[in-house]
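# Notes for the structure review
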Number of protein chains: 2
Amino acid sequence: MSATARLASFIATSSWADVPVSVRHDAKRSLLNWLGCAIGGANAPSVDLAIESLAPFSGPAQASVINRGRRFDVATTAVINGVSSSVLDFDDTHLQTVIHPSVPVASATLALAEHLAVPGEALMDAFTIGIEAACKVGNAISPEHYAAGWHVTSTCGVIGAAAACARLLKLDELQAAHAIGMACSQSAGLSEMLGSPTRMFNMGHAARSGFMAAWYASKGIASSARALEAPRGFGNAFTTRCDWSALTDTLGVTWELAANAFKPYPCGIVVHPVIDGCLLLRERHAIAAGAIERVEATVNPAVQVIMSHPEPADGMRSKVSAEHCIAVAMVRGAAGVQQFTDAVVRDPAVAALRRRARLLCSDAMAKDAASVCVVMKDGTRHETLVAHAKGSAEVPLTDAELEEKFRSLVAHGRHPGDASRMIGMMWALEAARDAGVVARA
Amino acid sequence: MSATARLASFIATSSWADVPVSVRHDAKRSLLNWLGCAIGGANAPSVDLAIESLAPFSGPAQASVINRGRRFDVATTAVINGVSSSVLDFDDTHLQTVIHPSVPVASATLALAEHLAVPGEALMDAFTIGIEAACKVGNAISPEHYAAGWHVTSTCGVIGAAAACARLLKLDELQAAHAIGMACSQSAGLSEMLGSPTRMFNMGHAARSGFMAAWYASKGIASSARALEAPRGFGNAFTTRCDWSALTDTLGVTWELAANAFKPYPCGIVVHPVIDGCLLLRERHAIAAGAIERVEATVNPAVQVIMSHPEPADGMRSKVSAEHCIAVAMVRGAAGVQQFTDAVVRDPAVAALRRRARLLCSDAMAKDAASVCVVMKDGTRHETLVAHAKGSAEVPLTDAELEEKFRSLVAHGRHPGDASRMIGMMWALEAARDAGVVARA
């Protein structure tokens, strides 16, 4: 069976009952993390701009912008929630492809699910299919696709969003193939834009275009039924090499949702093991920041190359400052969204410790590992080795850690809500009669 | 100056007064042809589906769907007019790149111009900039880009639509660069979809995404300011070879609008010289179809390969039947939109002559040339050689022929209107106080 036909069949005929219980739980973990990011990101200036830009062209109030009290049509809402859930750069990562799959898939799926007022289980089912579609397509074309300059989260995300919405709309196999085809023909996004707000709009537009692709197909608009593998199709145009067996042989057999990882800290991922070490030593030895002479972190050279910025200008740039990460971990005992604001960057205690942070490079150190040594003013040395960072494939975030991340994102949001109630709602999502409760959380 | 900066400068600082008078007239010719196609295509089933699909998510009535009496928000209207103006496959062709530039550019520009209620001259100015942007970018990446499987009308059209709308929105150079950047990051469309209705939606979405890119930039949303030439930018991702000097050295110096060609017949272009020959002989010798023994057309082999279909099933497929084209030219004395309907395909006189049409291939015959010989039942032979088809670069349609084409499209439209009044309005477009008169024609 060809790749497109196989994916269409998965969308149209796979059974939720066949999804392993652990994968269903993984779906809820991914949705909880995505919702937290959207809540926490809701007050970002880019979200204001997205709403201001789109409102004049928006249709009826069908779906909710997360944590903004605004409702727009499904397509517009998908764009805005795509922006808010990606703006903090705190969303999930499918490590094999570097796709952040929930942003495009959940932004489209939840908006449509709310509009259709389907049960929570239908949302989970469609979301699962969308994540698998995006990531399996990504596996088939990686790493050459990303290397060619494509923003893989949006280029594959549009296919995932289309797959999820096709499922919600109960498309048959041919319609689902046409939805995939339209999505392939709307797939877009350049990695050149990753340093600008267009990054978030790439993902928001992927959500929108994926929804529209499924919607058009539901109305009978045809496309190619072999969009992925055709000689002039998606694989040919978007990558120099693809292996569709990575999709056809594994869809519904292995689950990409189970390999979806969550960042514990909203900053450059290479410094995460250093933060782990700092937090561990601070707690274990009850370290007071004022008593620290210096912090020495032995790291993979990538940390030095990407993240040595001892004097970040503002909160945004502190997210790529290893020294700032070390400082807030030691001074504040945390490295969550609240620790990367302009105010914290200007905090004299944090600034002082940034200047006492040292990066020592070692080629022998893996990218998800680090050794941290805190040298106290009295000469005492506290040391630890972090073999795998929290949030890596080896040490995934526990449910409790995900909940803690969610709470901190809710506290950071525009209208801080009842995080415990929302967490309870997400863990019991399959029992919800109306998936819209998530969007209106 | 880099390609992006050069294009942004052209958008922000070029002067309408510097556009040659002949190019301004070419702009009106292209707009007249585009409007005719949109009017004639307005009753196609794909337009019904586009309206049905988009209406539930559409915003306020800001712009008019051509010849449908419906108004939607600017972005939605751009999609629908993109579908209607391309559905007959009768739109313009920039021969060097095979871009059909007016569909994405005019669909976006007119919708925004109507919403802003700008004068006719501002519409012409923005449209001209958009066509130049799309085609100059196309020149820089052709033919490798199309060969890689991209639907060049949509991939370059989105940039043209963004350029035109950026001009209407009076963006400065940096904003215009960001509009180009967002457009590059929304550029999409696979040629795999050319055989399906997704073809028209590719172009409609290019119009929409181009408009939105300019609109976002007007609101201050940033992108890359070197989207075309950056190492991970548009040129790198979308083609194996590009030469940006084809843009930087010629923008505002040579004019692609002057090289924009118009089809006289809404069918496969390779058979056009045969139709020319048939119509000429029919008129010159007052040939009655019933007296014809057979028609022999000596053609480039491409005609045989692409268009030998003596028994087309319906009106849609008769457009790629050389035999049907010969038959309607001889029986009806015309090959306009009215001659490619299901009813005409079933006409016994047309069907009879289709079976009397013969294609004789000759490698010596150029693609825009043909020799036609009509053999009468009495043995008389009428022959002619067409060196260049009407509508080719060598024999562009005259204004009178364009008007005739426009009239036939209006007659074919959903609500046939006063073609003469509309033609007069288009030739006097620079004097119109409100460009919206075109959209409401």
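Residues and elements named next belong to chain A. As a packed pair, helix 3 (residues 45-54) and helix 4 (residues 74-86) sit with axes 9 Å apart at the nearest point and diverge in direction by 165 degrees. Put simply, helix 3 runs roughly antiparallel to helix 4. Note that helix 3 runs across helix 4; the crossing there is right-handed. Taken together, the residues of helix 4 that come into contact with helix 3 (itself represented by Ser 46, Val 47, Ala 50, Ile 51 and Leu 54) are Thr 76, Val 79, Ile 80, Val 83 and Ser 84. In terms of residue class, the contact of helix 3 with helix 4 is made up of seven nonpolar, three polar and no charged.

Structural alignment of chain A on chain B gives an RMSD of 0.1 Å, achieved by rotating through 180 degrees and translating 0.0 Å along the axis. Such a combination of turn and shift is consistent with a two-fold rotation axis. Residues of chain A ranked by C-alpha distance from the rotation axis are headed by A:Gly59, positioned 2.0 Å from it. With an isologous cut-off of 70% or more, the 100% of interface residues of chain A that recur at the interface of chain B puts this contact in the isologous class.

A separate point is the sheet that holds strand 7 (residues 370-376) of chain A. For sheets, the rule is that strands pair by backbone hydrogen bonds, running either parallel or antiparallel. Residue and element names in this part refer to chain A. The four strands lie next to each other as 6-5-7-8, forming an open sheet whose pairing is mixed. With one partner strand each, in any of the chains shown, strand 6 (357-361) and strand 8 (381-386) form the two edges of the open sheet. Within this sheet the neighbouring strands show an average axis-to-axis angle of 15 degrees, counted without direction. Note: strand 7 against strand 8, six bridges, orientation antiparallel. Among the inter-strand pairings, Val 375 is bridged to a residue of strand 8, identified as Arg 381. Its contacts with the sheet put helix 13 (residues 272-284) on strand 5 (292-299), strand 7 and strand 8, and the angle it makes with strand 7 is roughly 40 degrees.

Next up on the list: the domain arrangement of chain A. Each assigned domain of chain A is listed with its residue range as follows: domain 1 (3-262 + 419-439) and domain 2 (269-386). Between the C-alpha centres of domain 1 of chain A and domain 2 of chain A there is a distance of 35 Å.

Quick look at helix 6 (residues 120-141) of chain B now. For an α-helix, the turn length of 3.6 residues means that residues three or four places apart are oriented alike. When the terminal C-alpha atoms of helix 6 of chain B are compared, their 32 Å separation across 22 residues agrees well with the 32 Å that a helix rising 1.5 Å per residue should span. In terms of burial, helix 6 of chain B is a largely internal element, 21 of the 22 residues being buried.

Attention now goes to the interface of chain A and chain B. Taken residue by residue, the interface counts 46 residues in chain A and 46 residues in chain B. Sorting the residues of the side of chain A that touches chain B by element identifies helix 3, helix 4, helix 9 (173-184), helix 10 (198-218) and helix 11 (234-238) of chain A as the ones contributing at least two each. With six residues, the single largest contributor to the side of chain A that touches chain B is helix 10 of chain A. Taken together, the residues of the side of chain A that touches chain B break down into 22 nonpolar, 19 polar and five charged.

Before going further, it helps to examine the pairing of strand 7 (residues 370-376) of chain B. All names here are of chain B. Where strand 5 (residues 292-299) lies against strand 7, seven bridges are found, and the strand directions are antiparallel. Opposite Glu 296, over in strand 7, you have Cys 373 as the bridge partner. Between strand 7 and strand 8 (residues 381-386), which follow one another and run antiparallel, lie four residues, and Gly 379 among them has a positive phi close to 95 degrees.

Turning next to helix 8 (residues 152-168) of chain B. Residue and element names in this part refer to chain B. Taking 1.5 Å of rise per residue, 17 residues should cover 24 Å, and helix 8 covers 24 Å from first to last C-alpha, within 8% of that figure. When the local axis directions of helix 8 are compared, the greatest deviation, roughly 30 degrees, occurs at Val 158. Lys 170, located one to two residues past helix 8, shows a positive phi value of around 60 degrees.

Moving on, we come to the environment of A:Ile159. All names here are of chain A. Locating Ile 159 in the fold gives a position in helix 8 (residues 152-168). Taking the C-beta count within 10 Å as the criterion, Ile 159 has 31 such neighbours and is therefore assigned buried. As a C-alpha pair, Ile 159 and Gly 210 span 51 residues in sequence and 6.1 Å in three-dimensional space. With near-sequence residues (within four places) excluded, Ile 159 lies in contact with Ala 133, Ala 134, Val 137, Ile 180, Ala 183, Cys 184, Ser 187 and Gly 210.

Thresholds, definitions, all that
Residues numbered from 1 in each chain as written. Chains lettered and ligands numbered in written order. Predicted model: local features only at pLDDT ≥ 70, side-chain atom pairs only at ≥ 80, totals over all residues. Axes fitted to C-alpha atoms, helices over the stretch in contact; angles between N-to-C directions. Helix = DSSP H or I, 4+ residues; strand = E, 2+ residues; numbered from the N terminus. Parallel < 35°, antiparallel > 145°, perpendicular 65-115°, else oblique. Left-handed = near helix turned anticlockwise from the far one by under 90°. Contact = placed C-beta atoms within 7 Å. Nonpolar A, V, L, I, M, F, W, Y, C, P; charged D, E, K, R; others polar. Least-squares fit on C-alpha atoms with pLDDT ≥ 70 in both. Pairing = 2+ DSSP bridges. Domains from an automatic or database assignment. Expected span 1.5 Å × (residues − 1). Buried ≥ 20, exposed ≤ 12 C-beta atoms within 10 Å, placed from the backbone. Bend = angle between axes of the 7 residues up to and from the residue.

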